[in-house]
Amino acid sequence: GRWAQERGELRVQGHKQGVEAVRRTIKYCGEHGISVLTLFAFSSENWQRPKTEVQALRKLLFTSLTKEAQSLKENNVRLRVIGDLTPFGAEMEGLIERTEKLTSKNQALEVVIAVNYGGRWDIVSACRRAAKMAVDGTLVPEEITEDALSRLTSLHPTADPDLVIRTANEMRISNFLLWQISYTELWVTDRCWPDFTEPCLHEAITAYANRDRRFGGLNQ
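Structural notes, computed from the coordinates. A quick note: this is a predicted structure, and the numbers were derived from the prediction, not measured. (Residues numbered from 1 in each chain as written. Predicted model: local features only at pLDDT ≥ 70, side-chain atom pairs only at ≥ 80, totals over all residues. Heavy atoms only, no water.)

1. Describing the layout of surface pockets
What the second largest pocket holds in volume is close to 180 Å³. Around the second largest pocket, the lining residues are Glu146, Asp147, Ser150, Arg151, Asp160, Trp179 and Ser182. Classifying every residue of the lining of the second largest pocket gives one nonpolar, two polar and four charged. (1 Å grid on protein atoms, 1.4 Å probe; cavity = no way out; pocket = protein on both sides within 12 Å on 5 of 7 lines; lining within 4 Å. Points joined across faces, edges and corners; volume = space filled by probe spheres on them. Nonpolar A, V, L, I, M, F, W, Y, C, P; charged D, E, K, R; others polar.)

2. A few points about the packing of aromatic side chains
Using the criterion set out here, one finds eight aromatic pairs in the structure. Summarising the aromatic geometry, the rings of Trp193 and Phe196 are spaced 5.3 Å apart at their centres and angled 25° between planes, so their arrangement reads as stacked. Owing to a relative accessible area of 2%, Phe196 belongs among the buried residues under this scheme. Connected via pairs of aromatic rings, a cluster forms that spans Phe40, Tyr117, Trp121 and Phe176. (Phe/Tyr/Trp six-rings, centres within 6.5 Å; stacked < 30°, edge-to-face > 60°. Buried < 20%, exposed > 50% of the residue type's maximum accessible area, 1.4 Å probe, protein only.)

3. Overview of the pattern of salt bridges
In this structure the tally under the stated criterion is 16 salt bridges. Between Glu53 and Arg49 there is a salt bridge, with the nearest N and O atoms lying 3.1 Å from each other. Assessed through its relative accessible area of 31%, Arg49 is described here as partly exposed. Each of Asp162, Glu185, Arg211 and Arg213 takes part in salt bridges that share partners, so that together they form one network. (Salt bridge = Lys/Arg side-chain N within 4 Å of Asp/Glu carboxyl O.)

4. Some words on the sheet that holds strand β2 (residues 77-82)
In space, the three strands of this open sheet follow the order β1-β3-β2, with parallel pairing throughout. Both edges of this open sheet fall to β1 (36-43) and β2, since each of them pairs with a single strand only. Strand-to-strand twist in this sheet, taken as the mean axis angle between neighbours without regard to direction, amounts to 20°. Where β2 meets strand β3 (residues 109-117), six bridges bridge the pair, whose relative direction is parallel. By the bridge assignment, Val77 is partnered in β3 with Leu109. (Pairing = 2+ DSSP bridges. Helix = DSSP H or I, 4+ residues; strand = E, 2+ residues; numbered from the N terminus. Axes fitted to C-alpha atoms, helices over the stretch in contact; angles between N-to-C directions.)

5. Brief notes about the packing of helix α3 (residues 51-74) against helix α4 (residues 89-102)
Interhelical geometry of α3 versus α4 gives an angle of 20° and a closest axis separation of 10 Å. Classified by the interaxial angle, the pair formed by α3 and α4 is roughly parallel. As for the relative orientation of α3 and α4, their crossing is left-handed in sense. From α3, Arg58, Leu61, Phe62, Leu65, Thr66, Ala69, Gln70 and Lys73 reach across to α4, where they touch Glu91, Met92, Leu95, Ile96, Thr99 and Leu102. Of the residues contributing to the contact of α3 with α4, the split by class is eight nonpolar, three polar and three charged. (Parallel < 35°, antiparallel > 145°, perpendicular 65-115°, else oblique. Left-handed = near helix turned anticlockwise from the far one by under 90°. Contact = heavy atoms within 4.5 Å.)

6. What to know about the nonpolar core
Leu65, Leu79, Val81, Leu109, Val111, Ile113 and Val115 are the most contacted members of the largest nonpolar core, which has 28 residues in total. In terms of residues, this core owes the most to one element, α3, which gives five residues. Among all residues touching Leu79, those that are not within four sequence positions of it are Leu65, Leu72, Thr99, Glu100, Thr103, Val111 and Ile113. Counting residues in hydrophobic clusters, the runner-up holds nine residues, among them Ile82, Leu155, Leu177 and Ile181. (Core = buried A, V, L, I, M, F, W, Y, C linked by side-chain atoms within 4.5 Å.)

7. Notes on the pairing of β3
Extensive coverage of β3 is indicated by the burial of nine of its nine residues. Both β1 and β3 contribute to a ladder of seven bridges, which runs parallel. By the bridge assignment, Val36 is partnered in β3 with Glu110.

8. Quick word on α4
The terminal C-alpha atoms of α4 lie 20 Å apart, and with 14 residues this matches the ideal 20 Å at 1.5 Å per residue to within 8%. Buried within α4 are the following residues: Met92, Gly94, Leu95, Ile96 and Thr99. Elements that come into contact with the buried residues of α4 comprise α3 and β2. (Expected span 1.5 Å × (residues − 1).)

Here it is as structure tokens:
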């Protein structure tokens, strides 16, 4: 949206250009052996934006999934969608379910789209599942470990991210995968998402490859 405003255009034009950045990024990941790509498409806080923008985002998400489903299948890309899809309605839920099923056996790359997702929502949802299991007698409180709670979050069984890329020079997490990124490496670029290109992603991955990941310990 900011990208479009800087050019005197409607914010939705920026979102449309953002779809092209998604295509570029998926293509790069598929060609360079990256196994999982998670994209934050719509946060649980985005409902606070103007109604016209929210409607445009929903329509763009629907049309993009409709157009790209067969391409994902043909390119061996598996799609997963995480988040609370209820507000998007039965038509959107059905489309997502069909696309996930269509691509479920693909193995080259897993693309996770976070839609109406929030990190706090995810943690609360996992806690509620754990509480219900405790009430049902299938889980005792002593068994609620970090690993057990991780298995109840929406990203499971996908592994925690190794790298988070933040565009537009934003120095905040914005409620993204709060549980899963406790030791994820961060990389920030001043480029807005529509301007994010393959060389940008290569730069980010190169920077990540030179990091010393200690996970709280010391490398010998």
